[in-house]
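# Coordinate inspection notes
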Amino acid sequence: MNTVEALPPNARRAGHYLYIATVVLLCAWVLVPLYLLFVNALSSAEAVNSFPKSAFPEFDLGSLKFFAGFYGILDALKNSIIVATLTMIMSIAIGAPAGYALSRFEFRGKATFRLLILMTRAFPLPLLALPLAVMFIRTGLDDTAIGLAFVHTTLALPFAVLITFSLFSGIPIELEEAAWTLGCTRFTAFTKVVLPLILPGITASAIFAFVISWNEVFAAAVLTIENRTLTAFLLQNLDTAAIHLKFAGGFILVVPALIFIFAVRKYLFAMWGIANR
Amino acid sequence: MAEIQIKKVQKWFGAYQALDAIDLTISDQEFMVLLGASGCGKTTLLRIIAGLEVATQGEVWINGKRIDHLPPKDRGIAMVFQNYAVFPHLTVFENIGFGLRMQRMPNAEVKARVERNAELMHIEQLLGRYSGELSGGQRQRVAVARALAMEPDVILMDEPLSNLDALLRLEMRAELKGVLADSKTTAIYVTHDQVEAMSLADRISVMHEGRIVQAADPISVYRNPEERFVASFIGNPPMNFLPARSEGKGSWSVAGQSFEGPKTDLEALEFAIRPEDMVLAENGILATAKVVEPLGAHVLVTCSVGGHSFRAILNSDTKIKPGETLRFSPVPDRIRWFDPKSQVAVN
């Protein structure tokens, strides 16, 4: 007997309401700040500072125009995209083979290795910041997109490894073995059978890496000076800015990431769909 | 021509020995079934032949060429997997043609071969579908067609029918036998299902604990098991065993009766007989019926003979009730004898 069916009807209804309330709360958690950001970014300075607030934006593009014309913002945007793209490529290039090895091969210390991958996330970045900065200056990697991308890759790598690990594990080894018996080498079996099957998931985990890099501000602020990414640039310039400009800055930061995730949401579902199987 | 020779193949998984010095020769176009309970090493042996597993020791030869160091693709084999392993991202057509495309065969030829093999497996109307749109039986057909399309020297099958339901399994079994006989391919087929083994095989290799206990044609395996294990494994229900004491000069006492048996110096032997080789007789072995199971075509009677469990398959119009005593005797030329120490058949 199903336990849900065994409950009295009012208890079941209460559970139903609780479920709906949770969904509404979670949606509000995400959507309310976004909405406020949206309204304030598209309002004039006076409207942002006045009270009571209007629930609807005025579609005053003044603050955004200010940013568009702000010196250095386009460079920062470009830097962000370069660093995030490099992070995406490197974390998949390094993470996917590690994920494959974890899922397909038995080796000594496999469990420890998996744990260590996660442990890298337990190491606080601020602790590493100073030695990293010193090392980067010595090697000439400081203030470069690739240098920052290296740091962001280490942040994104654990996710890339664990996500691709579960993707590969979701693909029966027999498919690869069948390919081997049908004339494939280990490599061609991978490109012809495994890769097409995990491509949606790989895409999703690449996007994940992209977003991690896009959102990262601490390392970006410490390790770059001239070639700041958008987050570091805004952090530096908005600290003392007027509140309506802070809203506009936040808007500029959030919207590209939102559009990006919205565009690839179907792959994101594919990732969790496969990972949860 | 594809003769397979397996020479002294051993396989260790760490400290566990999965295969113990396997020696086996499979002749051209033979249908060889590796039969055994799970964990007996039959799949490991098949995978070593396929090149998916590396033997710890020993050699595998196909057509007089040593192949155990070659990757699977260079061995001239094709394999059918238990879970079919139909590629989900390709259509049925591209699945069957996958190996041919890997050989860079011209399009027209791929098309001809795919269509011919699809027709053979009666899936020509499914060529445009993906595996997600197929039933288990249809996937199995795709997997077999894909293997046959390679026109391999040897086709290897790992429990290919075990995921199908009973009726479909029966149908596919007969079909597989016909198709493989026509293809003139040497086949090695792994199964734990003895009925499947009996019905398909030219020869059965019964495996137990990493070694081949007996390799012979199905009737020999059934009638003349060389080891007690085979006698107790093959047949449903398997052979009955009763202790026998020597009365000298080839005469043996079994459950109070005297039987002609092997003339050896051994004091004790085991008397073995198949349940269906017992007939009711006035002055036969005395037994007490415990369970009576009418199975339609015949009656399966589980009884006790001097404290030993004993099963007999009797004529369906036999009227026996549990608790009754009955007397039956074995068909004389069906009696087999085993040495209880070495477990080997004694003639």
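Residues numbered from 1 in each chain as written. Chains lettered and ligands numbered in written order. Predicted model: local features only at pLDDT ≥ 70, side-chain atom pairs only at ≥ 80, totals over all residues.

### Points about the environment of R228 of chain A
Residue and element names in this part refer to chain A.
- Within the secondary structure, R228 sits in the loop between α11 (218–223) and α12 (230–238).
- Overall, the presence of 24 C-beta atoms within 10 Å leaves R228 in the buried class.
- Considered as a pair, R228 and L132 are 96 residues apart in the sequence and their alpha carbons are 17 Å apart.
- In contact with R228, other than residues within four places in its own chain, are A76, N79, A220, F233 and Q236. (Helix = DSSP H or I, 4+ residues; strand = E, 2+ residues; numbered from the N terminus. Buried ≥ 20, exposed ≤ 12 C-beta atoms within 10 Å, placed from the backbone. Contact = placed C-beta atoms within 7 Å.)

### Brief notes about the nonpolar core
- Counting 156 residues, the largest nonpolar core has L156 and I188 of chain B as its most contacted members.
- Not counting chain neighbours up to four residues away, the residues in contact with I188 of chain B comprise I26, M32, L34, L46, I49, V154 and L156 of chain B. (Core = buried A, V, L, I, M, F, W, Y, C linked by C-beta atoms within 7 Å.)

### So, the packing of helix α2 (residues 92–102) of chain B against helix α4 (residues 136–149) of chain B
All names here are of chain B.
- Where α2 meets α4, the closest approach of the two axes is 8 Å, and the angle between their N-to-C directions is 30°. On the basis of their axis angle, the class for α2 and α4 is roughly parallel. Pair α2 / α4 crosses with right-handed handedness. On α4, the residues that touch V92, N95, I96, G97, F98, G99 and L100 of α2 are V142, A145, R146 and A149.
- For the contact of α2 with α4, the residue count by class is seven nonpolar, three polar and one charged. (Axes fitted to C-alpha atoms, helices over the stretch in contact; angles between N-to-C directions. Parallel < 35°, antiparallel > 145°, perpendicular 65-115°, else oblique. Left-handed = near helix turned anticlockwise from the far one by under 90°. Nonpolar A, V, L, I, M, F, W, Y, C, P; charged D, E, K, R; others polar.)

### Brief notes about the interface of chain A and chain B
- Contacts between chain A and chain B engage 14 residues on the former and 19 residues on the latter.
- Elements with a contribution of two residues or more to the side of chain A that touches chain B: α9 (173–181) and α10 (186–215) of chain A.
- Considering every element that reaches the side of chain A that touches chain B, the biggest residue donor is α9 of chain A, with six residues.
- Looking at side-chain class alone, the side of chain A that touches chain B contains nine nonpolar, three polar and two charged residues.

### A closer look at the domain arrangement of chain B
Residue and element names in this part refer to chain B.
- Entries for chain B in the domain assignment read domain 1 (4–232) and domain 2 (240–346).
- Taken over C-alpha atoms, the centre of domain 1 sits 38 Å from the centre of domain 2.
- Contact residues are listed per partner, giving six residues for domain 1 and seven residues for domain 2.
- Tallied by class, residues from the side of domain 1 that touches domain 2 come to three nonpolar, no polar and three charged. (Domains from an automatic or database assignment.)

### Notes on the sheet that holds strand β18 (residues 325–330) of chain B
Residue and element names in this part refer to chain B.
- The antiparallel open sheet is built from four strands, whose spatial order is β17-β16-β15-β18. Bordering the open sheet on either side are β17 (308–315) and β18, each of which pairs with just one other strand. Pairwise comparison of adjacent strand axes, ignoring direction, gives a mean angle of 55° for this sheet. (Pairing = 2+ DSSP bridges.)

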